[in-house]
Amino acid sequence: MACFSGEYVISEDGLPEPRKWRPLMYRKCTDSLWLMLFFLFWTGLMFITGYAITAGAAERLVFGYDSYGNICGRKNTPVIGAPLSGQDMTNKKFVFFLNSCDLEIKNLKIHSIALCVSSCPQEQLNSLEDIQLFADNNGSCLCVYNPNATGCIHNLKAAGLCPTLPVPPSVPFTLFNRCVPQSAECYSQFAPVLIDVVNEVDIFHRILSGIMAGRETVIGLCVLALTFSIIVMLIFRFISILLIHIFLTLVVFGLLFVSGIMWWLYCNYTSEPSIELETEKENMKLLLGFSILSTMVTVILLFLILILRKRIQRTIQLFQVSSKIISNIPSLLFQPLWTFMILIFFWVYWVAVLLSLGTAGNAQVISRGQVEYKVLFGIRYMWWYHLVGLIWTSEFILACQQMTVAGAVVTCFFNRNKSKPPSHPVLSSISVLFCYHLGTVVKGSFLITIVRIPRIILLSIYNILKEKVGMHICFHNIIV
């Protein structure tokens with residue numbers, strides 16, 4: 001890379017002949033140490049990625065798993081010491097809780113036996129015979145697995161092997177493949193338990209559940225934002241003059257409307273036949289103060305618009321120059337699309353690694369051959385490192401886009417030979433960015449990251465404590 005090879009003399013258009021109308025441009029790599037720091041940081045991210053792929057199992061979160069270490073809808077490998085693990089659950093894609101109407105939380109875990117079933121019971125089952133009939137018709141037994149038994153109902157003397165009767169009707173929750181009770185009584189007990197589990201786990205597990213629950217909404221909002229961006233860009237391209245005049249007209253009429261409404265309310269309030277209460281007098285004084293203030297602001301802004309009306313023409317000229325540059329460099333229209341695709345690719349990678357980190361754990365056999373997954377040491381520190389990587393890299397990608405657009409616009413705008421416009425200004429700007437200024441982009445994006453992380457932490461604390469008296473105003477002042 002040119003960053004570590006000294007200083008170069010470069011002509012803007014790359015021509016070997018000297019140009020008499022402009023001095024040569026001396027460029028050298030900037031902030032090389034920051035680029036090396038970013039490279040080392042991403043080396044750590046690659047280590048976390050490899051560790052997450054090796055130790056994690058995102059399928060457990062997405063597809064669900066039973067109490068014996070089997071992932072529903074998948075062919076599983078056996079866990080040593082768990083005789084009911086390692087089963088082929090390809091056709092059993094849903095998680096069913098034996099006592100869905102009486103769930104309990106123990107150590108942030110739902111204290112109930114979970115099984116993988118092929119379908120959820122959509123009708124109430126009142127007896128063991130109904131459970132056996134459901135198994136015969138749907139090929140899904142609602143009792144604990146017993147490979148040696150020929151029927152679904154086995155060893156009836158053992159407690160807790162079959163669900164509590166009556167079994168309420170349930171529907172499959174498509175998002176996480178769980179059987180959710182359909183009756184109002186059971187659902188009122190089932191839903192709060194799941195909500196309590198989500199609220200009591202750490203913030204990164206909440207991020208996982210939030211991402212999975214709102215993925216359609218996030219994708220839809222991204223597409224909507226992209227559409228609005230294209231519309232706004234086209235508006236500034238073709239009707240910039242009309243847009244500025246419409247904006248100024250709306251501002252003027254809006255100010256006059258607000259002032260008129262305030263004075264109308266004040267006149268209407270003073271025309272009351274009797275104003276005797278002290279609070280009514282205070283309200284009238286307050287309304288008078290707001291009316292005077294709105295009138296002063298309106299007069300000042302209208303006076304400024306009148307004085308600076310000539311500057312409005314400069315603003316219009318600025319938009320016209322921008323439109324001309326976009327017409328000369330049409331590839332700038334596709335630059336946000338490239339950035340959008342790169343960000344989507346990075347965010348998909350980040351979520352995939354986060355899912356793997358959130359499910360990284362060692363399988364441990366507990367009582368009755370059941371399996372629990374214990375979080376490995378150091379995972380929480382990796383989560384924080386991964387979060388910093390999300391913010392820093394996202395800001396880095398956006399900064400690269402801004403540098404690319406700025407370089408292309410400057411190259412076209414300051415080109416003195418109007419008869420010979422620069423060829424491929426966007427590619428030239430990208431080349432200059434990657435050869436000389438990546439370190440500066442890394443440093444700038446890191447400074448933004450340092451500002452954003454404390455803000456995120458304070459916003460999280462603010463959202464937790466905003467319901468408490470006295471803390472709302474304090475944290476609001478800190479954040480603002």
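This structure is a prediction, so every number in the text was calculated from the model and none was measured.

1. What about the confidence of the model for the protein chain?
In this model, the protein chain carries an average pLDDT of 75, and 74% of its residues clear a pLDDT of 70 or more. Per-element confidence in the protein chain ranges from a low mean pLDDT of 45 for helix H13 (residues 471-479) to a high of 90 for helix H1 (residues 32-55). Scored below 50 in pLDDT, residues 197-202 makes ten contacts in the model with residues more than four places away or belonging to other chains. When the criterion is pLDDT under 50, residues 469-480 qualifies, and its contacts beyond four places in sequence or with other chains add up to 13 contacts.

2. Thoughts on the packing of H1 against helix H10 (residues 335-358)
Relative orientation of the contacting elements H1 and H10 amounts to 50°, with a least axis distance of 8 Å. Considering their axes alone, H1 and H10 lie oblique with respect to each other. Relative to H10, the crossing made by H1 is left-handed. Within the contact between the two elements, H1 uses Trp42, Leu45, Met46, Ile48, Thr49, Ala52 and Ile53 and H10 uses Phe346, Tyr349, Val353, Ser356 and Leu357. Residues of the contact of H1 with H10, tallied by class, amount to ten nonpolar, two polar and no charged.

3. Let's talk about the packing of aromatic side chains
Within this structure, the stated rule accounts for eleven aromatic pairs. Where phenylalanine 41 meets tryptophan 392, the ring centres are 5.0 Å apart and the plane angle is 55°; that geometry is what we call tilted. Within this pair, whereas phenylalanine 41 is found in helix H1, its partner tryptophan 392 is found in helix H11 (residues 379-413), the two being separated by 351 residues in sequence. Residue class for tryptophan 392 comes out buried when judged on its relative accessible area of 2%. With centroids separated by 6.1 Å and ring planes inclined at 55°, the aromatic side chains of tryptophan 42 and phenylalanine 346 adopt a geometry described as tilted. With tryptophan 42 in helix H1 and phenylalanine 346 in helix H10, the pair connects residues that are 304 residues apart, well separated along the chain. Aromatic ring contacts, followed pair by pair, group Trp34, Phe38, Phe41, Tyr385, Trp392, Phe396 and Phe446 into a single cluster. Above the ring of phenylalanine 63, the side-chain terminus of arginine 74 is found at 3.9 Å from the ring centroid.

The rules behind these values
Residues numbered from 1 in each chain as written. Predicted model: local features only at pLDDT ≥ 70, side-chain atom pairs only at ≥ 80, totals over all residues. Heavy atoms only, no water. pLDDT = per-residue confidence, 0-100. Helix = DSSP H or I, 4+ residues; strand = E, 2+ residues; numbered from the N terminus. Contact = heavy atoms within 4.5 Å. Axes fitted to C-alpha atoms, helices over the stretch in contact; angles between N-to-C directions. Parallel < 35°, antiparallel > 145°, perpendicular 65-115°, else oblique. Left-handed = near helix turned anticlockwise from the far one by under 90°. Nonpolar A, V, L, I, M, F, W, Y, C, P; charged D, E, K, R; others polar. Phe/Tyr/Trp six-rings, centres within 6.5 Å; stacked < 30°, edge-to-face > 60°. Buried < 20%, exposed > 50% of the residue type's maximum accessible area, 1.4 Å probe, protein only. Lys NZ or Arg CZ within 6 Å of the ring centre and 35° of its normal.

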